[in-house]
Number of protein chains: 2
Amino acid sequence: MKLSPIEENYIKSIYYLQAKKGNVNTNSLAAHLETSAASVTDMMKKLKRKKLLEYKKYYGFRLNAAGNLYALEIIRRHRLWEFFLVSKLGMQWEKIHDIAEQLEHVSNDELIKKLDDFLGNPKTDPHGDPIPNEKGVMPVLRQIALKDLTIKKNAMVSSVSNQTPQMMEMLNHYKIKLGSHIKVTKQFVFDGSLQVKIDKQPECIISSMGAKNIFVYDN
Amino acid sequence: MKLSPIEENYIKSIYYLQAKKGNVNTNSLAAHLETSAASVTDMMKKLKRKKLLEYKKYYGFRLNAAGNLYALEIIRRHRLWEFFLVSKLGMQWEKIHDIAEQLEHVSNDELIKKLDDFLGNPKTDPHGDPIPNEKGVMPVLRQIALKDLTIKKNAMVSSVSNQTPQMMEMLNHYKIKLGSHIKVTKQFVFDGSLQVKIDKQPECIISSMGAKNIFVYDN
DNA sequence: AAAAAAGTTTAGACAAATCTAAAAATTTAT
DNA sequence: ATAAATTTTTAGATTTGTCTAAACTTTTTT
Ligand SMILES: [Mn+2]
Ligand SMILES: [Mn+2]
Ligand SMILES: [Mn+2]
Ligand SMILES: [Mn+2]
């Protein structure tokens, strides 16, 4: 089944809202989508007819299995494109979400599969949020700060909490990218700085402050 | 000005049709877009109101300068995405057009600029059609078969006329991609085969039949 | 247990894009 | 120069997604 971009946005919003509290109500969805409660009610009838959610008048709604799977497919597309925009085009964190909001509605299974492979099957988007696989399964990730990474354990750069130009400059210098393979080879107790190996580059030193703001997943 | 995907498709179709004959008439545009003549008339009134075309009742229409520029912007996006789909994701020629038809409507100037750079500022799409630059200027290209390329002249692979899996296999083996830099270093008169240098790889031999089906632009 | 407040649905209208069928204008044929 | 054929436009309906305002249901307060 192929939904319109608008229907897809409804599905995605319900998914996010119901993650917080099981059932979603009309007004909160209307607020989230910046639309009227009446429009939400109209759309809920339609999505119920399409068997994507359960809906009881006056008592809110929740995605069923099919609706959930659809939501995860949209989120997968969104996050893969965000990864692409940052890691391949070098766009800035703040700008990518709105573009991904458009790209996520381009539908073609082979495209998404090939994009995923091209990007090296990333497990998180640039904000550190997990990317569901083709089957709609969210990878279980243990994300930790680089400073807390066990010594000599292989890990992958997943996100960066401080996204200033100053941080960008540093990441650039170290050639650290999202998805970079990283390993701590030595810790200096004196100032908390770390010796790390990034991809196939020679080892280098990262300060404690840098290591506090760089996040990796180690599983 | 930002048009809807539907309006953009109208603009693009008019552009293509008027390349053949100066003025476009209602029925031919309706046929091209697989819609009714009545819908075309409605849209022409609207696009005239938006000052993108000249339109005289019963006498057809033609894009004005603003409309032409807009059309070229859409074509630029379409062809850049097609190049991406083939050269980066390795998709097949026949499948990319429909996907580009969706991607071309994603609008963000910085995105297209960065995509262009990421792809190495290609001059043609995978079908060999020229890609307009940001200013809407189509590059003037002399496209010739590799077999006709002047010896030792630098050129760039632009398209391939035979798009069978067998050809793909061969291109793959030679690591020939769209946009590859190519130069003929020796011609063998005996069988018409060529010694060529592709990107930074060591020289290799391509048969006359291969060289007949690989196209390059040499300016 | 009523009344008031909050939340939700319905009713009716509107804009964008589409369609079919009828009317009007232009072009071609006689 | 008329008549016939073709092309184009208009009129009126339809679909999708939206809105406001009124009606209805549930929840909270008194
Ligand atoms: Mn996002
Ligand atoms: Mn969206
Ligand atoms: Mn195309
Ligand atoms: Mn299109």
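Look a little higher up for the structure.
Predicted model, so just to flag it, every value in this text is computed and none were measured.

Q: Help me out: how do you make sense of the packing of aromatic side chains in this one?
A: For any two aromatic rings, the description comes down to two numbers: the centre-to-centre distance and the angle of the planes. Under the criterion given, the structure shown has 11 aromatic pairs over all chains. Centroid distance Phe118 of chain A to Phe84 of chain B: 6.1 Å. Interplanar angle 80 degrees. Geometry classified as edge-to-face. Within this pair, whereas Phe118 of chain A is found in helix H6 (residues 109-118), its partner Phe84 of chain B is found in helix H4 (residues 65-87), the two belonging to separate chains. An aromatic cluster of at least three residues, connected via ring pairs, comprises Trp81, Phe84 and Phe118 of chain A together with Trp81, Phe84 and Phe118 of chain B. One residue, Lys88 of chain A, lies across the ring of Phe118 of chain A, its end atom 4.4 Å from the ring centre.

Q: Can you help me understand helix H6 (residues 109-118) of chain B in this one?
A: Because the α-helix completes a turn every 3.6 residues, residues three or four places apart line up on one side. All names here are of chain B. Looking only at H6, the buried set comprises Leu111, Ile112, Leu115 and Asp116. Looking straight down H6, one finds that the buried residues subtend no more than 130 degrees of arc, so they occupy a single side. Put simply, Asn108 is the residue that caps the front of H6, since its side-chain oxygen is 3.1 Å from the backbone nitrogen of Glu110. At the exit of H6 stands Gly120, carrying a positive phi of roughly 85 degrees.

Q: Help me understand the sheet that holds strand S8 (residues 214-217) of chain A in this model?
A: Remark on secondary structure: sheet strands pair via backbone hydrogen bonds, oriented parallel or antiparallel. Residue and element names in this part refer to chain A. The antiparallel open sheet is built from 6 strands, whose spatial order is S3-S8-S4-S5-S6-S7. Looking along the sheet, the strands with just one partner apiece sit at the ends: strand S3 (143-145) and strand S7 (204-206). The sheet shows a mean angle of 50 degrees between the axes of neighbouring strands, taken without regard to direction. The pairing of S3 with S8 spans 3 bridges and is antiparallel. By the bridge assignment for S8, Gln143 is matched with Tyr217. The sheet contacts of helix H7 (residues 165-174) involve strand S4 (155-160), strand S6 (194-198), S7 and S8, and relative to S7 the element is tilted by about 160 degrees.

Q: Help me out: how do you make sense of the pattern of salt bridges in this one?
A: Side chains that carry opposite charge are capable of pairing whenever their charged atoms lie near each other. Under the definition given, this model contains 30 salt bridges over all chains. For Lys114 of chain B, the salt bridge is made with Glu110 of chain B, and the minimal N-O distance between the two is 2.9 Å. Separated by 4 residues within a single helix, Lys114 of chain B and Glu110 of chain B lie in helix H6, roughly one turn from each other. Judged by its relative accessible area of 26%, Lys114 of chain B is partly exposed. Given the relative accessible area of 25%, Glu110 of chain B is considered partly exposed. Across the pair Lys153 of chain B and Asp218 of chain B runs a salt bridge, and its minimum N-O distance is 3.4 Å. One end of the pair, Lys153 of chain B, is in the loop between strand S3 (143-145) and strand S4 (155-160); the other, Asp218 of chain B, is in the segment after strand S8 (214-217), with 65 residues separating them in the sequence. With a relative accessible area of 30%, Lys153 of chain B lands in the partly exposed category. On the accessibility criterion, Asp218 of chain B (5% relative accessible area) is buried. Taken together, the shared-partner salt bridges in this structure form one network comprising Glu7, Lys46 and Lys50 of chain A.

Q: Honestly, the protein's contact with DNA strand D in this entry has me stumped. Any pointers?
A: Of all residues adjacent to DNA strand D, which total 21 residues, the nearest are Thr35 and Lys46 of chain A together with Lys45, Tyr55 and Lys57 of chain B. Counting only the atoms of DNA strand D that lie within 4 Å of the protein, the sugar and phosphate share comes to 82%. Side-chain polar atom of Tyr10 of chain A to a phosphate oxygen of DNA strand D: 3.3 Å apart, as the coordinates give it. Within the contact set of DNA strand D, a sugar or linking oxygen lies 3.4 Å away from a side-chain nitrogen or oxygen of Tyr58 of chain A. Where the surface near DNA strand D is concerned, the elements lending two or more residues are helix H1 (5-20) and helix H3 (37-49) of chain A together with helix H2 (26-33) and helix H3 (37-49) of chain B. Classifying every residue of the surface near DNA strand D gives 9 nonpolar, 8 polar and 4 charged.

Q: Sorry if this is basic, but what is going on with the protein's contact with DNA strand C here?
A: Lining the immediate surroundings of DNA strand C are 21 residues, of which Lys45, Tyr55 and Lys57 of chain A together with Thr35 and Lys46 of chain B lie closest. The contact atoms of DNA strand C, taken as those within 4 Å of the protein, divide so that sugar and phosphate hold 81%. Take Thr26 of chain A: an N or O atom from its side chain is 3.0 Å from a phosphate oxygen of DNA strand C. Asn27 of chain A is positioned with one of its backbone polar atoms (N or O) 2.9 Å from a phosphate oxygen of DNA strand C. Elements with a minimum of two residues in the surface near DNA strand C: helix H2 (26-33) and H3 of chain A together with helix H1 (5-20) and H3 of chain B. Considered class by class, the residues forming the surface near DNA strand C number 9 nonpolar, 8 polar and 4 charged.

Q: Would you mind showing me how to read the coordination of the manganese ion (ligand 2) here?
A: Reference values for angles at a metal are 109.5 degrees in the four-donor tetrahedral case and 90 or 180 degrees in the six-donor octahedral case. Bound to the manganese ion (ligand 2) on the protein side are Asn9 of chain A (OD1), Glu101 of chain A (OE), Glu104 of chain A (OE) and His105 of chain A (NE2), at distances that span 1.9 to 2.4 Å. Look at Glu104 of chain A and you get buried, because its relative accessible area is 0%.

Rules and cut-offs
Residues numbered from 1 in each chain as written. Chains lettered and ligands numbered in written order. Predicted model: local features only at pLDDT ≥ 70, side-chain atom pairs only at ≥ 80, totals over all residues. Heavy atoms only, no water. Phe/Tyr/Trp six-rings, centres within 6.5 Å; stacked < 30°, edge-to-face > 60°. Helix = DSSP H or I, 4+ residues; strand = E, 2+ residues; numbered from the N terminus. Lys NZ or Arg CZ within 6 Å of the ring centre and 35° of its normal. Buried < 20%, exposed > 50% of the residue type's maximum accessible area, 1.4 Å probe, protein only. Arc of directions from axis to C-beta. Polar contact = N/O pair within 3.5 Å; in protein donor to acceptor, adjacent residues only side chain to side chain. Pairing = 2+ DSSP bridges. Axes fitted to C-alpha atoms, helices over the stretch in contact; angles between N-to-C directions. Contact = heavy atoms within 4.5 Å. Salt bridge = Lys/Arg side-chain N within 4 Å of Asp/Glu carboxyl O. Near = heavy atom within 4 Å. Nonpolar A, V, L, I, M, F, W, Y, C, P; charged D, E, K, R; others polar. Donors = N, O, S within 2.8 Å, 3.2 Å for Na, K, Ca; no water.

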